[in-house]
Amino acid sequence: MDVDLDSRTALVTGAGRGNGKATAKLLASNGANVVANDLDQAPAEAVVADIREEDGDAIAVAADVSDRAEVEAMFDVAEETFGTVDVLVNNAGFGKGDRFVNEPSNDLWRETLETHLFGTINCTRRAVTRMRERGYGKIVNVTSIHTKNGVGMSPQYDVAKFSILGLTKSLALELGREGIRVNAVAPGWVDTRLTDGFDDRTREKIVDLNPLGRFAEPEEVAQTIAFLCSPASDYVNGHELRVDGGQVPIDNWTFRYEG
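All values reported here derive from a predicted model rather than from experimental measurement.

In terms of regular secondary structure, the chain is built from eight helices and seven strands. In the chain, which comprises 259 residues, the share counted as buried stands at 52%. Pairs at least 24 residues apart make up 73% of the contacts formed inside the chain by residues separated by at least 6 positions. Of the roughly 11,800 Å² of accessible surface on the chain, a fraction of 48% belongs to carbon and sulfur atoms.

It is worth spelling out empty space enclosed by the protein at this point. One pass over the structure, following the stated rule, counts one cavity of 30 Å³ or more. In this model, the largest cavity occupies a volume close to 60 Å³. Taken together, 13 residues line the largest cavity, and the ones lying closest to its centre are Thr13, Asn90, Asn91, Ala92 and Thr120. Looking at which element gives the most residues to the lining of the largest cavity, the answer is helix α4 (residues 107-134), with five residues. Of the residues that constitute the lining of the largest cavity, the class distribution is five nonpolar, seven polar and one charged.

We now examine the nonpolar core. Nonpolar side chains tend to gather and get buried jointly when the protein is soluble and globular. Ranked by size, the top nonpolar core spans 32 residues in total, and within it Leu27, Val34, Val89 and Ile225 carry the most contacts. Breaking this core down by element, the ones donating at least two residues are β1 (9-12), α1 (18-29), β2 (33-38), α2 (41-53), β3 (58-62), β4 (87-90), β5 (137-142) and α8 (218-229). Among the elements that line this core, the one with the most residues is α8, at six residues. Filtering out sequence-adjacent residues up to four positions away, Val89 remains in contact with Leu11, Val12, Thr13, Thr23, Leu27, Val140, Val142, Ile225 and Cys229. Membership of the second largest hydrophobic core comes to 25 residues, among which are Val61, Val71, Ala92 and Met131.

Leftover empty space is mapped by rolling, across the atoms, a probe with the size of a water molecule. By volume, the second largest pocket amounts to about 180 Å³. Taken together, Ile121, Thr124, Arg125, Val128, Thr129, Arg132, Leu167, Leu171, Glu174 and Leu175 make up the lining of the second largest pocket. Elements that contribute at least two residues to the lining of the second largest pocket include exactly α4 and α5 (155-175). Grouping the amino acids of the lining of the second largest pocket by side-chain chemistry returns five nonpolar, two polar and three charged.

So, on to unusual backbone geometry. Residue Ser7 is not a glycine yet carries a positive backbone phi of 75°. One can find Ser7 in the segment before β1. Judged by its relative accessible area of 64%, Ser7 falls in the exposed class. Residue Asp55 is not a glycine yet carries a positive backbone phi of 70°. Checked against the element boundaries, Asp55 lands in the loop between α2 and β3.

This paragraph deals with the packing of aromatic side chains. Under the definition given, this model contains zero aromatic pairs. Directly above the ring of Tyr136 sits Arg8, whose terminal nitrogen or CZ lies 4.0 Å from the centroid.

For the rest of this paragraph, the subject is the sheet that holds β2. Taking strand neighbours across the sheet as the criterion, the seven strands line up as β3-β2-β1-β4-β5-β6-β7 in an open arrangement whose pairing is parallel. Only two strands of the sheet have a single neighbouring strand rather than two, namely β3 and β7 (240-243). This sheet shows a mean twist of 20° between the axes of neighbouring strands, independent of strand direction. Across the sheet, α4 touches β4, β5 and β6 (180-187), and the angle it forms with β4 is around 175°. In the packing of α8 onto the sheet, contacts are made with β4, β5, β6 and β7, and the angle to β6 comes to roughly 165°.

Let us look at the pairing of β1. The alternating pattern of β1 places Thr9 and Leu11 on one face and Ala10 and Val12 on the opposite face, and all of these are buried. Each parallel crossover has a hand, and the one from β1 via α1 to β2 is right-handed. Of the pairings in the sheet, the one linking β1 to β4 comprises three bridges and is parallel in character. The residue bridging Leu11 from the neighbouring strand is Leu88, located in β4.

About the thresholds
- Residues numbered from 1 in each chain as written.
- Predicted model: local features only at pLDDT ≥ 70, side-chain atom pairs only at ≥ 80, totals over all residues.
- Heavy atoms only, no water.
- Helix = DSSP H or I, 4+ residues; strand = E, 2+ residues; numbered from the N terminus.
- Buried < 20%, exposed > 50% of the residue type's maximum accessible area, 1.4 Å probe, protein only.
- Contact = heavy atoms within 4.5 Å.
- Areas by Shrake-Rupley, 256 points an atom, 1.4 Å probe, with all protein chains shown as cover.
- 1 Å grid on protein atoms, 1.4 Å probe; cavity = no way out; pocket = protein on both sides within 12 Å on 5 of 7 lines; lining within 4 Å.
- Points joined across faces, edges and corners; volume = space filled by probe spheres on them.
- Nonpolar A, V, L, I, M, F, W, Y, C, P; charged D, E, K, R; others polar.
- Core = buried A, V, L, I, M, F, W, Y, C linked by side-chain atoms within 4.5 Å.
- Phe/Tyr/Trp six-rings, centres within 6.5 Å; stacked < 30°, edge-to-face > 60°.
- Lys NZ or Arg CZ within 6 Å of the ring centre and 35° of its normal.
- Pairing = 2+ DSSP bridges.
- Axes fitted to C-alpha atoms, helices over the stretch in contact; angles between N-to-C directions.
- Right-handed = clockwise from strand over helix to strand, strands pointing away.

Pasting the structure below:
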């Protein structure tokens, strides 16, 4: 499989931890110049240090993806350093949330949608401008198994991820003939900071419902993202590729968080 990313530049949002960190490091190991973005500079710098230890080339850029001006400045730095951004991985997000009936204000809804959905829109809009000029680009949006089955723990998160999937499919239709491929990766339950707060009962229930009997590792999600970033996926467009251990296709199960 051709995953050679030599001479390509990849910008990964939310690269300081979890799936984003694993993705940034894997893309670098396959030859990409990496722009590691995070809300905070320190975790992004730590990822860059790891990449450089393995003789990769990377820079860290702190930016809030929900802020369009900060996104513009981030891409300016990326282009000044590496010339182009050929690959965009929209991964930035957070898992904070509550049930609909427990969240009387709209503040959390706005924060969630601003980061997940409008963060993806802001970064994609800026990336596409240059990708269209070159007639080439790969955009991978990180969604979730929440786009298949509701989970009953964070409707804000579910709505944000459904929206990103819709954006993925729409942009794939719009941009495909211009040499830009837009796809999504939908992770299942992954051992990251997002799931660290689950109690033992919740973790046991998730594992029991999964045919593989375990959570995924961030590196397993990163492998799938890398495929969609690479020449090996040139005929894949508008697709949501699930990394869930087979959990989602079992349509007769419902997981409802009781915390």
